[in-house]
Amino acid sequence: GGALDDAARMFAHALDSGVSPKDFIDKMKKTNQLIMGIGHRIKSLANPDQRVVIIKEYAKQHFKNTPVLDFALEVEQLTTRKRANLILNVDGCIAVCFVDMIRSCGAFSREECDDLMDFGCLNGLFVLGRSMGFIGHYLDQLRLKQPLYRHPWDDITYIQEMAAAAGGGA
């Protein structure tokens, strides 16, 4: 948890500090920090995440301006030169668009926007989405007249065994 909030803070702070996307990446590399909201295991420039495409298009059409999204997209242009899967992922896209939305809608002062990010409200939205998914799963199981599905424990314990074998403990 917290990837959305971290990405929002990271990109907003970088933009607000006036640093260039290249200098932002260089600083993150130099301090050995991940850029939250960048990278995907499967999706890439050649195989984009359609959720990101839709969210970007919506923000561009409906928000007054999108400077944080634009900054993140400039970062993406540079990171994808290194590896095609170092794209702006759905968490990063939601995060930067959230910042642009609250900053440009006119309902909040800049201090209130910063407070909303500091409070972790994006993590709350993450939990809300997962809650709706769980409720949908529960209702679907009721509709199917089946008990709530739980994945067999012995099928997932191999992850702990793999972690222990790799020295990560259990």
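Reading guide: rules and limits
- Residues numbered from 1 in each chain as written.
- Predicted model: local features only at pLDDT ≥ 70, side-chain atom pairs only at ≥ 80, totals over all residues.
- Heavy atoms only, no water.
- Axes fitted to C-alpha atoms, helices over the stretch in contact; angles between N-to-C directions.
- Helix = DSSP H or I, 4+ residues; strand = E, 2+ residues; numbered from the N terminus.
- Left-handed = near helix turned anticlockwise from the far one by under 90°.
- Contact = heavy atoms within 4.5 Å.
- Nonpolar A, V, L, I, M, F, W, Y, C, P; charged D, E, K, R; others polar.
- Buried < 20%, exposed > 50% of the residue type's maximum accessible area, 1.4 Å probe, protein only.
- Salt bridge = Lys/Arg side-chain N within 4 Å of Asp/Glu carboxyl O.
- Lys, Arg positive; Asp, Glu negative; His and termini not counted.
- Polar contact = N/O pair within 3.5 Å; in protein donor to acceptor, adjacent residues only side chain to side chain.
- Patch = residues over 30% accessible without salt bridge, like charges linked within 9 Å, V, L, I, M, F, W, Y side chains within 5 Å.
- Areas by Shrake-Rupley, 256 points an atom, 1.4 Å probe, with all protein chains shown as cover.
- pLDDT = per-residue confidence, 0-100.
- Expected span 1.5 Å × (residues − 1).

Enquirer: A description of the packing of helix α2 (residues 21–30) against helix α4 (residues 67–82) should follow, citing residues and the corresponding values.
Expert: For any two helices packed against each other, the geometry is given by the interaxial angle and the distance between the axes. Following both chains from N to C, one finds α2 and α4 inclined at 65°, their axes separated by 9 Å at the closest point. The chirality of how α2 crosses α4 is right-handed. The residues of α4 that touch α2, namely those facing P21, K22, F24 and I25, are F71, E74, V75, L78 and T79. A breakdown of the residues in the contact of α2 with α4 according to their chemical character gives six nonpolar, one polar and two charged.

Enquirer: Which residues make up unusual backbone geometry, and what values do they have?
Expert: Unusually for a residue other than glycine, N32 sits at a positive phi of about 55°. Structurally, N32 is set in the loop between α2 and α3 (50–62). Look at K145: it is not a glycine, yet its phi comes out positive at around 55°. Note that K145 resides in the loop between α7 (121–143) and α8 (153–156). A relative accessible area of 75% places K145 in the exposed class.

Enquirer: Describe the pattern of salt bridges, with residues and values.
Expert: What the rule picks out here adds up to eight salt bridges. For D16, the salt bridge is made with R103, and the minimal N-O distance between the two is 2.7 Å. Highlighted residues: D16 in helix α1 (residues 3–17) and R103 in helix α5 (residues 90–104), separated in sequence by 87 residues. Measuring nitrogen to oxygen at the nearest pair gives 2.6 Å for the salt bridge that ties D140 to R143. Of this pair, D140 and R143 both sit in helix α7, three residues apart, which is roughly one turn of that helix.

Enquirer: Go over the side chain of D100, please, and point to the residues and values.
Expert: Looking at where D100 falls in the secondary structure, it is placed in helix α5. Among buried charged residues, D100 stands out as having no salt bridge; its nearest opposite-charge side chain is R103, 5.9 Å away. In this structure D100 touches F63, N65, T66, P67, V68 and L69, once residues within four positions along its chain are discounted.

Enquirer: Before we move on, can you summarise the side chain of D49 with the specific residues and values?
Expert: Take D49: it is sitting in the loop between α2 and α3. Its relative accessible area of 6% is what places D49 among the buried residues. Within polar-contact distance, the side chain of D49 engages the side chain of R51 at 2.7 Å. If we skip the residues at most four places from it in the chain, D49 touches H40, K43 and V90.

Enquirer: How would you explain a nonpolar patch on the surface if you had to name every residue and give the values?
Expert: A cluster of nonpolar side chains, F134, I135, Y138, L139 and L142, forms an exposed patch at the surface whose accessible area comes to about 500 Å². Tracing the backbone shows Y138 in helix α7. Its relative accessible area of 38% is what places Y138 among the partly exposed residues.

Enquirer: Help me get a handle on the confidence of the model for the protein chain, residues and values and all.
Expert: Mean pLDDT over the protein chain stands at 90; residues scoring 70 or higher make up 92%. Averaged pLDDT values over the elements of the protein chain bottom out at 64 in helix α9 (residues 158–165) and peak at 98 in α4.

Enquirer: Describe α1, naming the residues involved and giving the relevant values.
Expert: Spanning 15 residues, α1 covers 21 Å between terminal C-alpha atoms, matching the ideal 21 Å at 1.5 Å per step. Every buried residue of α1 is accounted for by L4, D5, A7, A8, M10, F11, A12 and A14. Residues of α1 that are buried make contact with α2, α4, α5, α6 (110–119) and α7. With its phi angle positive at about 85°, G18 sits one or two positions after the end of α1.

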